[in-house]
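Each chain, written out:
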Amino acid sequence: MREHLSRRATLESLIAVSLGVHAGTAGARSGRIGGHGKTEPTLNRFATTVAGAEFTGIFLTEDGRLFFNVQHPGAEAEERYRPGAIGAVAGVDMTSLPRDFESVQPPKSPAEYVKTAKGEYQILAEGGDETVNGKRLGVPYSKSGEPLTDGSNPDFNGFVPDGADGGYLFTNWETQPGMMSRLTLERADDAGGWTVAEKRNLDFRPVEGTWNNCFGTVSPWGTPLTSEEYEPDARTWFSSEETTYGNGERAIEEYLGYVGNAYRYGYIVEIENPKGDPKPTKHYAMGRFAHENAVVMPDRKTAYMSDDGTGTVFFKFVADEPGDLSAGTLYAARARQLGPTDDTADVSFGIEWIELAHATDDQVLSWIEEYDDQDPSPNPDYVTDAEVEAWANGDAADDRAAFLESRKAAAAVGATDEFRKMEGVNIKSDARPGDFLYMAMSEVNETMLSNEATGEHDDPQDHIELEGNDYGAVYRMRLDGRYDVHRMEPVVVGGPNANVCGGCPYDSHPNSKSTVCRDCSYNPTRERRSSASRETRGDAKGVHRATEAAKGLAGGGLRRLADASSTVDPENTIANPDNLVILPDGRVVIGEDSDLHRPNMLWVYDPEL
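As a starting point, this report considers the structure included with it. Every value quoted in this text rests on a predicted model; they were computed, and no experiment measured them.

Structurally, Ala-90 can be placed in strand S4 (residues 85-90). With 104 residues separating them in the primary sequence, Ala-90 and Trp-194 have C-alpha atoms 7.9 Å apart.

If you want it as structure tokens, here you go:
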């Protein structure tokens, strides 16, 4: 049952906190917070980005070279990062990164430069650079030859090696229409730098363009997989009376020179022949939803796919043949909440896979083509909710609902559509049964709360009932002998009520007198608070609820008091995890996309020492 705090009780709690007598503020979560013990999980801050930017494009090569981008930097950032930069860390092999490396500390003023704990950030290219054919890097063009975007949103990076000393770096550009570029790279020296021999954009016109190219991976057979995020709503797209968010259909019309088809966007796109003349292939059989990314298992058949947004679904695809994603079976997860409380850090989910349907790319494309050549009208032709329901009941003539409206179809047959801000999903490159699949949830709120908490009493589904937080969490799932997963458990939970902290000076300098988390065993002020902490050991979650409620009730003074009552300094915990990659030794590199941390941070999580 959820606690309900009155206005009076909230203020009384805050008064108690201010007097230092409420145990929960100081150490009620002591022993649960990780980050400084010799055998506990640790979290170290490897890098900070520039003001206004997020970490995107995190990619690790087999020999430990790390790439990441500076997406949409703010005006405070050094000019050389704008409008958006593709880059790499020179001078460090991440596979040999010491476990106890010293965390880089956030700047005290708006960040003008990228800071790294090891090595140096090297800018390889910027959005808008001139390409081999005179076009602007990362920028799609209209049918008449006009640029449609500004090159500020580089996202996924995928490196395809070509020999021992170079290769090709593919980069997504998260726009409508989308874009992908390719840099030809050569090793500059033994220190880990790169030289750029060529810059080019890929041609997506053969597949009628691409859409919001977000995160991605490189397949086990060496082809980049780019993800079309936030599939456009078909009813709105085809309607003459509404427009989609941002009017993306208009941008696609300018790109194509004619009215586009909403059902052609929202898929995983494989880049075949990456070392020659790259060819994009949309895998319609893998389903249509807000693809953040897909990662293919070492069996070369099983792929896990994250669905970004609010009220989303966790998907799995199993190909008919290894190394061929053009045909297979689509599944969706039904989650069962497990845990003693509704605290995000305490709750795991049992995963049951529900089969949706089997299809080939050509079969799904034939259904998509039925919606081509539509002029906007008050009565558009699209897959309606009634048609989805008929499919779920076994009354449809075909399986188009499962592949064109995959999220709605999944929910209609009992899969969980309550996940929130599902981001990167990934494994280490040499993963085997028993290793872990990791997934980031940028926020754990809204649809991941109970229907009672959100007031959605008419929603028949309530599989997930977390207390939630705005800082997000990283989950892991153990791979069984068939590369299947059955349980999702939280390993890094962010915010003031975090389960692991790090990045403070005590990671490498235990004698530092710098400010650290209030309940940290290394905190110089902890002894002065210990007697009050021992007197009562209250519920830290209750205190967190009280302080959060007070922020909504009180003015600036009580808001600051509420912030001060947090058991963990949020600067030393994760906030809104997004991209992630896994090192060969099992450590996880996690990038943020956050308004809660300024600047955003790049972390290395070590599950155990």
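Additional details are given in the paragraphs that follow.
Looking now at the side chain of Glu-228. When you line up the elements, Glu-228 lands in strand S12 (residues 224-228). Overall, the relative accessible area of 0% leaves Glu-228 in the buried class. At a separation of 2.9 Å, a polar atom in the side chain of Glu-228 contacts the side chain of Thr-210.

On to the nonpolar core. Side chains that are nonpolar tend, in soluble globular proteins, to be buried together. Grouped together as the largest cluster of nonpolar side chains are 72 residues, with contacts concentrated most on Phe-67, Tyr-263, Met-305, Phe-315 and Leu-404. Apart from residues no more than four positions distant in its own chain, Met-305 is found in contact with Ile-268, Met-286, Phe-289, His-291, Asn-293, Ala-294, Phe-314, Phe-315, Lys-316, Phe-317 and Leu-330. Of all hydrophobic cores here, the second largest spans 32 residues; its members include Ala-345, Phe-349, Met-441 and Met-477.

So, about unusual backbone geometry. Along the chain, Arg-82 connects to Pro-83 via a cis peptide bond; the corresponding omega equals 5°. Structurally, the position occupied by Pro-83 is in the loop between strand S3 (66-71) and S4. Note that the residue after Arg-598, namely Pro-599, is joined by a cis bond; omega there is 0°. Within the secondary structure layout, Pro-599 lies in the loop between strand S27 (588-592) and strand S28 (601-606). We note that Lys-421 has phi near 55°; this positive angle belongs to a residue other than glycine. When you line up the elements, Lys-421 lands in the loop between strand S21 (419-420) and strand S22 (422-426). Classification of Lys-421 by relative accessible area gives buried; the value is 16%.

What counts as what
Residues numbered from 1 in each chain as written. Predicted model: local features only at pLDDT ≥ 70, side-chain atom pairs only at ≥ 80, totals over all residues. Heavy atoms only, no water. Helix = DSSP H or I, 4+ residues; strand = E, 2+ residues; numbered from the N terminus. Buried < 20%, exposed > 50% of the residue type's maximum accessible area, 1.4 Å probe, protein only. Polar contact = N/O pair within 3.5 Å; in protein donor to acceptor, adjacent residues only side chain to side chain. Core = buried A, V, L, I, M, F, W, Y, C linked by side-chain atoms within 4.5 Å. Contact = heavy atoms within 4.5 Å.

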